[in-house]
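# Observations on the three-dimensional arrangement
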Amino acid sequence: TVTNAPTVSISVTTVGVAGQPTALSFSATAPTGSSIQTVAISFGDATSANLGAATTGSISHIYNAQGTYTATITATDNSGVRTSASTVVNVPPQAPIAVNVTATPTSPKPNDVVSFTATVTPATVQVLRYEWSFGDGTQRITTGNSTTHAYSEIGRKVITVTVVSNDGSRGTGTTEVVVQR
């Protein structure tokens, strides 16, 4: 007995940069007299998704690092016949991280509380942490983009913030305050 296999296809419809969604379209067609029982996609980065008996659709996946991945769809029909198809996904790196740092006030007096905010671009960067250096030997790590600090001595202070993203990329920004009497 000759058994026909399901027909499957997979293609990339939208490529996201590392850390952003990539969209894949798929289809699975059973031979005449058969039906699709299971469809699974392996994304090529040690993750996969079971799509049940879905025969067409789109699925979104986030590749956390730049690179070349092979996404594979596998469909099994009710006779147990299995067929696979693959496509190559080229994921570019995220754009360089830019960090803009603001301080309020910029001319505090000793022991005044200064508020700092770091704005990251592109806005899609998934930030893991902010590493603050306040220019007076004091440092702090936060998961939020704002913090406060008070200076005890007068003078020019250069504040540096290094942003570390979930994929390990880094960006740095600086600002300054002048502590006056």
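You'll find the structure just up there.
Keep in mind that this is a model prediction, so the values were computed, not measured. Every chain begins its residue count from 1, and numbering advances along the sequence as written. Local features in this predicted model are restricted to residues of pLDDT 70 or higher, and side-chain atom pairs are both shown and tallied only at a pLDDT of 80 or more, whereas totals for entire chains, interfaces and linings draw on every residue. By convention in this description, side-chain values take in all heavy atoms of the structure and omit both hydrogens and water.

### Considering the pairing of strand β9 (residues 113-121)
Which entries qualify depends on this criterion: Partly exposed describes any residue whose relative accessible area lies between the buried limit of under 20% and the exposed limit of over 50%, with all areas from a 1.4 Å probe on protein chains only and scaled to the type maximum. Elements are defined by DSSP. Helices are runs of H or I of four residues or more, strands are runs of E of two residues or more, and each kind is numbered from the N terminus. For two strands to count as paired, DSSP must find a minimum of two bridges between them.
Residues V114, F116, A118 and V120 line the buried face of β9, whereas the alternating positions V113, S115, T117, T119 and T121 sit on a face that is not buried. In this sheet, β9 lies alongside strand β8 (residues 98-104) in antiparallel orientation, the contact comprising seven bridges. Opposite A98, over in β9, you have T121 as the bridge partner.

### What to know about the nonpolar core
What counts is decided by this rule: Note on terminology: a nonpolar core comprises buried Ala, Val, Leu, Ile, Met, Phe, Trp, Tyr and Cys residues joined through side-chain atoms within 4.5 Å.
Ranked by size, the top nonpolar core spans 20 residues in total, and within it L24, V39, I41, F43, Y63, I73 and V89 carry the most contacts. Secondary structure elements with two or more residues in this core: β1 (7-14), β2 (21-29), β3 (36-42), β6 (67-77) and β7 (82-91). Looking at this core element by element, the count peaks at four residues for β6. The next biggest cluster of nonpolar side chains, apart from the first, holds 18 residues, and it includes V101, F116, V125 and V177.

### Some points on the sheet that holds β1
What counts is decided by this rule: Every angle, taken between N-to-C directions, lies between 0 and 180 degrees, and every axis is a line fitted to C-alpha atoms, over only the stretch in contact when it is a helix.
Here three strands make up an open sheet; going across it, the order is β1-β2-β5 and the pairing antiparallel. If you trace the sheet from one side to the other, it starts and ends with β1 and β5 (56-62), each paired once. Across the sheet, the axes of successive neighbouring strands diverge by a mean angle of 25°, strand direction being ignored. Sheet topology places β1 next to β2; seven bridges connect them, and they run antiparallel. Among the inter-strand pairings, S11 is bridged to a residue of β2, identified as S25.

### Regarding the pairing of strand β14 (residues 170-179)
Residues G171, G173, T175, V177 and V179 of β14 are buried on one face, while the alternating residues R170, T172, T174, E176 and V178, pointing to the opposite face, are not. One ladder, built from 10 bridges, connects strand β13 (residues 155-165) with β14; its direction is antiparallel. Within β14, the position partnered with V163 by the bridge is G171. Remark: four residues form the turn of the hairpin made by β13 and β14, two consecutive strands paired antiparallel; G168 in that turn has positive phi of roughly 95°.

### Quick look at the pattern of salt bridges
The test is simple: Whenever Lys or Arg places a side-chain nitrogen within 4 Å of a carboxyl oxygen from Asp or Glu, that contact is recorded as a salt bridge.
Enumeration over the complete set of coordinates arrives at three salt bridges. E131 is paired through a salt bridge with R129; the nearest N and O atoms lie 2.7 Å apart. Owing to a relative accessible area of 22%, E131 belongs among the partly exposed residues under this scheme. With relative accessibility at 24%, the residue R129 sits in the partly exposed group. Across the pair E176 and R156 runs a salt bridge whose closest N-O atoms are separated by 2.8 Å. You can see E176 sitting in strand β14 and its partner R156 sitting in strand β13, a full 20 residues away along the chain. On the basis of relative accessibility, which here comes to 57%, the residue R156 falls in the exposed class.

### Side note on the packing of aromatic side chains
Stated precisely, the cut-off is as follows: Paired rings are identified among Phe, Tyr and Trp, the last through its six-membered ring, by centres lying within 6.5 Å, and are further divided according to the angle between planes into stacked (under 30 degrees), edge-to-face (over 60) and tilted (the rest).
Enumeration according to the criterion identifies five aromatic pairs in this entry. Ring geometry for F116 and W132: centres 6.5 Å apart, planes at 50°, overall tilted. Taken together, the residues F116 in strand β9 and W132 in strand β10 (residues 127-133) connect sequence positions 16 residues apart. Neither F116 nor W132 differs from the other in exposure class; each is buried. When the centroid spacing of 5.6 Å and the interplanar angle of 50° are considered together, the rings of F116 and F134 count as tilted.

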